[in-house]
Amino acid sequence: MLVRRKTVALALAGLALVLVAGCGASDKTDSGGAAPAAVAPEGAGDLGSKTGADQNTTSEQGGGQPPEIGRAIVYNGQLTVRVDDVEVAAQRVRSAATGVGGFVGSEKSTSGGSRAQSSITIRVPADKFDSVLADAAKLGEELDRSVNAEDVTATVVDLDARIKAQQASVDSVRRMFAQAKQLSEVVQLEQELSRRQADLDALLAKQRRLDDLVKLSTITVTLVGPDTPYVEPKSEDPSFLGGLRAGWNTFVVILKVAAAVLGFLLPFLVVAAVVLAPLWWWLRRRRPTPPAVPAAPATPVPPASTPAVEPKSTEE
């Protein structure tokens, strides 16, 4: 019994020592007395600070999401202005285009003094579209203006995605082409690579064209002289008279086309008639006449019997 009590006392003493040692180790660890498991290299703290700063910056910019793509808009404008001198006004339009970094796309002019007319198509940067259009309108009396803005953002995004996918496809075929060893594989991969590269070039050309339309807007300026007749464009009349007018105009156009076709074919018809008519007559003359078929003898017809007439009675 005494031995058992001594054993229990020793066990309790050992447990107390273990608890005291654990508390001391915990205090040393909290106070920073324990050595770190690994020493960070020089500059590691700065790198961590920079990384944290970059993460904070990214969070402030939108939580790591890609930046929003700007709108891609194609501007087209048409302007008609009546001016005193068409040549002078046309030169000012050209200077306005080149002054903002644009150029003259096309020009068509007709001379005639006060009845002169000029149509100039210019390409200007998109951010200068409104200012150039306003300056052109100040050249004289504005007769007509129309502006069209087409949003092609979806087309641009879709085209970019298709180009990236096609470029990845071309690169994949090129890697396969570099690893090919048999002649049949080389020929087949070469044809496939040519086809995919042609598709990629077509997409890139379309992208360049679309970028050009977005970056450079198009303005068509029509300049008319003081006495040049000008008819304002009218909107379509959806009434019965408007439909009747449109149908009559279409009918007149069809008659003109039919007359033009007949005039084109008339010389050929005349030549054909002159050549074929004598030939047809000669062929009819050479055709043998079939022999006359003798008429069958007439069959005598028996005389019709006359009905007997009874004598009329004289008795009343």
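In this text, all values refer to a predicted model and were calculated from it rather than measured experimentally.

Asker: Can you help me understand the overall build of the protein in this one?
Answerer: Along its length, the protein carries seven helices and five strands. When the elements of the protein are put in sequence order from the N terminus, they spell out α-α-β-α-β-β-α-β-α-α-β-α. Long-range pairs, those at least 24 residues apart, make up 79% of the contacts in the protein between residues at least 6 apart in sequence. Per element, the accessible surface of the protein, about 24,800 Å² overall, is 60% carbon and sulfur.

Asker: What is the right way to read the packing of aromatic side chains from this model?
Answerer: Throughout the structure, instances matching the rule amount to three aromatic pairs. Relative to F268, the ring of F264 has its centre 5.7 Å away and its plane inclined at 50°; by these criteria the two rings are tilted. Of this pair, F264 and F268 both sit in helix α7 (residues 240-286), four residues apart, which is roughly one turn of that helix. For F264, a relative accessible area of 57% puts it in the exposed group. Owing to a relative accessible area of 54%, F268 belongs among the exposed residues under this scheme.

Asker: I keep staring at the side chain of T228 and nothing clicks. Help me out?
Answerer: Inspection of the secondary structure puts T228 in the loop between β5 (216-224) and α7. Only 3.2 Å separates the side chain of T228 from the backbone oxygen of R115, close enough to count as a polar contact. Of the polar contacts made by the side chain of T228, one reaches the backbone oxygen of A116; its length is 3.0 Å. In this view, T228 contacts R82, S114, R115, A116 and Q117; residues no more than four positions away in its chain are not counted.

Asker: Explain the pairing of strand β3 (residues 117-125) here, please?
Answerer: Side chains on a regular strand alternate between the two faces of the sheet. A large share of β3 lies buried, amounting to seven of its nine residues. Pairing geometry for strand β2 (residues 103-110) and β3, over seven bridges, is antiparallel. Bridge pairing in β3 links S106 to T121. Linking two consecutive strands that pair antiparallel, namely β2 and β3, is a turn of six residues; a positive phi of about 70° is found at G113 within it. Sheet topology note: the β3/β5 ladder contains nine bridges and is antiparallel. Among the inter-strand pairings, T121 is bridged to a residue of β5, identified as T220.

Asker: Just checking my understanding: could you explain the pattern of salt bridges for this structure?
Answerer: A side chain with one charge may pair with a side chain of the opposite charge, provided their charged atoms come close. Applying the stated criterion across every chain, the model contains eight salt bridges. Between E142 and R145 there is a salt bridge, with the nearest N and O atoms lying 3.0 Å from each other. D212 serves as the salt-bridge partner of R209, at 3.7 Å between the closest nitrogen and oxygen. With a gap of three residues between them, R209 and D212 both fall in helix α6 (residues 183-215), about one helical turn apart. Of the residues examined, R209 reaches a relative accessible area of 48% and is grouped as partly exposed. A single network of salt bridges, built from pairs that share partners, joins E192, R195, R196 and D199.

Asker: Whenever I open this one, α6 confuses me. Can you help?
Answerer: In an α-helix, one turn spans 3.6 residues; hence positions three or four apart end up facing the same way. Here α6 contains 33 residues, and its C-alpha end-to-end distance of 47 Å stays within 8% of the 48 Å for a straight helix at 1.5 Å per residue. On its buried side, α6 packs onto β1 (73-82), α5 (153-179) and β5.

Asker: Quick question: what am I supposed to make of the nonpolar core here?
Answerer: Grouped burial of nonpolar side chains is what soluble globular proteins tend to show. V83, V93, I122, L139, I219 and L223 are the most contacted members of the largest nonpolar core, which has 21 residues in total. Not counting the four nearest positions on each side in its chain, V83 is found in contact with A89, L139, G140, L223, V224, G225 and P226. Ranked by size, the runner-up nonpolar core spans 13 residues in total, among them V74, V170, L200 and L203.

Asker: Even after reading the chapter, I still don't get the confidence of the model for the protein, so can you show me in this structure?
Answerer: Low-pLDDT stretches of the model should not have their predicted coordinates read in fine detail. In the predicted model, the protein carries a mean pLDDT of 76, and the fraction of residues at 70 or more is 66%. Confidence, read as mean pLDDT per element, is least for helix α2 (residues 44-62) in the protein (38) and greatest for β5 (94). Across residues 17-68, where pLDDT falls below 50, the model places four contacts with residues more than four positions away in sequence or in other chains.

Asker: Is there a simple way to explain the sheet that holds β5 in this structure?
Answerer: Backbone hydrogen bonds hold the strands of a sheet together, and the pairing may be parallel or antiparallel. Strand order across the open sheet formed by five strands is β2-β3-β5-β1-β4, with mixed pairing between neighbours. Looking at which strands have only one partner, the edges of the open sheet turn out to be β2 and β4 (141-151). The average undirected angle you get between the axes of adjacent strands in this sheet is 10°. The sheet contact formed by β1 and β5 spans seven bridges and is parallel. Bridge pairing in β5 links N76 to T218.

What counts and what doesn't
- Residues numbered from 1 in each chain as written.
- Predicted model: local features only at pLDDT ≥ 70, side-chain atom pairs only at ≥ 80, totals over all residues.
- Heavy atoms only, no water.
- Helix = DSSP H or I, 4+ residues; strand = E, 2+ residues; numbered from the N terminus.
- Contact = heavy atoms within 4.5 Å.
- Areas by Shrake-Rupley, 256 points an atom, 1.4 Å probe, with all protein chains shown as cover.
- Phe/Tyr/Trp six-rings, centres within 6.5 Å; stacked < 30°, edge-to-face > 60°.
- Buried < 20%, exposed > 50% of the residue type's maximum accessible area, 1.4 Å probe, protein only.
- Polar contact = N/O pair within 3.5 Å; in protein donor to acceptor, adjacent residues only side chain to side chain.
- Pairing = 2+ DSSP bridges.
- Salt bridge = Lys/Arg side-chain N within 4 Å of Asp/Glu carboxyl O.
- Expected span 1.5 Å × (residues − 1).
- Core = buried A, V, L, I, M, F, W, Y, C linked by side-chain atoms within 4.5 Å.
- pLDDT = per-residue confidence, 0-100.
- Axes fitted to C-alpha atoms, helices over the stretch in contact; angles between N-to-C directions.

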